[in-house]
Amino acid sequence: MKTTFTEENNNYVMRFEGRLDTSASVQTERDMQVLNECAGHDIILDCTELKYISSSGLRLFLSLLKKAKAQGSQVSISGLNDDLRQVFDEIGFTRLFNIL
């Protein structure tokens with residue numbers, strides 16, 4: 001699992017590459033810490049290269065959403081493949097997150 005953080009057009013962008021499974025979630029959570037101080041910035045989670053997400057990965061996304069909303073920021077998810085979009089639809093994440 002590889003993550004990349006950038007700041008683009010006043011947005012924080014985190015790109016995910018590979019499989020966000022239970023074994024990768026600990027390091028990914030550390031990598032995502034930079035997103036916790038998002039006041040004044042919206043967040044885009046770019047999942048274009050994400051192949052799989054486990055329940056622990058979904059928990060990371062949900063936790064980030066709660067923190068961001070508390071700071072007045074919006075979290076968007078881009079690049080979901082068909083399989084991931086189906087998972088996000090089934091668990092209701094497409095109603096919680098802005099899907100690009």
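Scroll up for the structure.
The structure contained in this document is the topic of the report that follows.

### Regarding helix 1 (residues 22-31)
Burial in helix 1 covers these residues: Ala24, Ser25 and Thr28. Looking straight down helix 1, one finds that the buried residues subtend no more than 110° of arc, so they occupy a single side. Summarising the geometry of helix 1, the exposed residues directed more than 90 degrees from the buried face are Ser23 and Arg30. Tucked into the core, helix 1 has its buried residues touching strand 1 (2-8), strand 2 (11-20) and helix 2 (55-70).

### Section: the packing of aromatic side chains
Any aromatic ring pair is given by two values, namely how distant the centres are and how the planes are angled relative to each other. This model, assessed by the stated rule, comprises 5 aromatic pairs. Aromatic side chains Phe16 and Phe61 sit 5.3 Å apart centroid to centroid with 45° between the ring planes, which places their arrangement in the tilted category. Taken together, the residues span a long stretch of sequence, with Phe16 in strand 2 and Phe61 in helix 2 at a distance of 45 residues. Residue classification places Phe61 among the buried positions, given a relative accessible area of 0%. A centroid spacing of 5.2 Å and a plane angle of 45° characterise the contact between Phe93 and Phe97, whose relative ring orientation is tilted. Phe97 shares its class with Phe93; the two are buried.

### A short note on the packing of helix 1 against helix 2
Axis separation between helix 1 and helix 2 bottoms out at 8 Å; the angle between their running directions is 25°. Between helix 1 and helix 2, the interaxial angle falls into the category roughly parallel. For the pair formed by helix 1 and helix 2, the contact residues are Thr22, Ser25, Thr28 and Glu29 on the first element and Ser56, Arg59 and Leu60 on the second. For the contact of helix 1 with helix 2, the per-class residue count stands at 1 nonpolar, 4 polar and 2 charged.

### Re the pairing of strand 4 (residues 75-78)
A two-sided burial pattern is seen for strand 4, the buried positions comprising Val75 and Ile77 on one face and Ser76 and Ser78 on the other. Where strand 3 (residues 42-53) and strand 4 come together, 4 bridges link them in parallel fashion. Bridge pairing in strand 4 links Asp46 to Ser78. In terms of handedness, the path from strand 3 via helix 2 over to strand 4 forms a crossover that is right-handed. Across 2 bridges, strand 4 lies against strand 5 (residues 98-99) in parallel orientation. Bridge pairing in strand 5 places Ile77 opposite Ile99.

The rules behind the values
Within each chain, residue numbers correspond to sequence positions counted from 1 in written order. Reporting of local features is limited, given that this is a predicted model, to residues whose pLDDT is at least 70; pairs of side-chain atoms are given and counted only at 80 or more, and all residues count toward the totals for whole chains, interfaces and linings. Hydrogens and waters are ignored; side-chain quantities use all the structure's heavy atoms. Burial here depends on accessible area, computed with a 1.4 Å probe over protein chains only, as a share of the maximum for the residue type. Under 20% is buried, over 50% is exposed, and the range in between is partly exposed. Starting at the N terminus, helices and strands are each numbered in turn, a helix being any DSSP run of H or I of at least four residues and a strand any DSSP run of E of at least two. Note that the arc is computed from the directions linking the helix axis to the C-beta atoms. Here, residues are in contact when the closest pair of their heavy atoms is within 4.5 Å. Stacked, edge-to-face and tilted are the three classes for Phe, Tyr and Trp ring pairs, Trp counted by its six-membered ring, which pair at centre distances within 6.5 Å; planes under 30 degrees apart are stacked, over 60 edge-to-face, the rest tilted. Fitted lines through C-alpha atoms give the axes, limited to the stretch in contact for helices. The angle between two N-to-C directions lies from 0 to 180 degrees. Oblique is the label for every angle not falling under 35 degrees (roughly parallel), over 145 degrees (roughly antiparallel), or within 65 to 115 degrees (roughly perpendicular). Residue classes follow a fixed rule: Ala, Val, Leu, Ile, Met, Phe, Trp, Tyr, Cys and Pro count as nonpolar, while Asp, Glu, Lys and Arg count as charged, and any other residue, Gly among them, counts as polar. In this scheme, strands are said to pair when DSSP sees at least two bridges between them. Crossovers are marked right-handed if the path from the first strand over the helix to the second runs clockwise, as seen with the strands pointing away from the viewer.

Shape is all these values report; function is a separate question.
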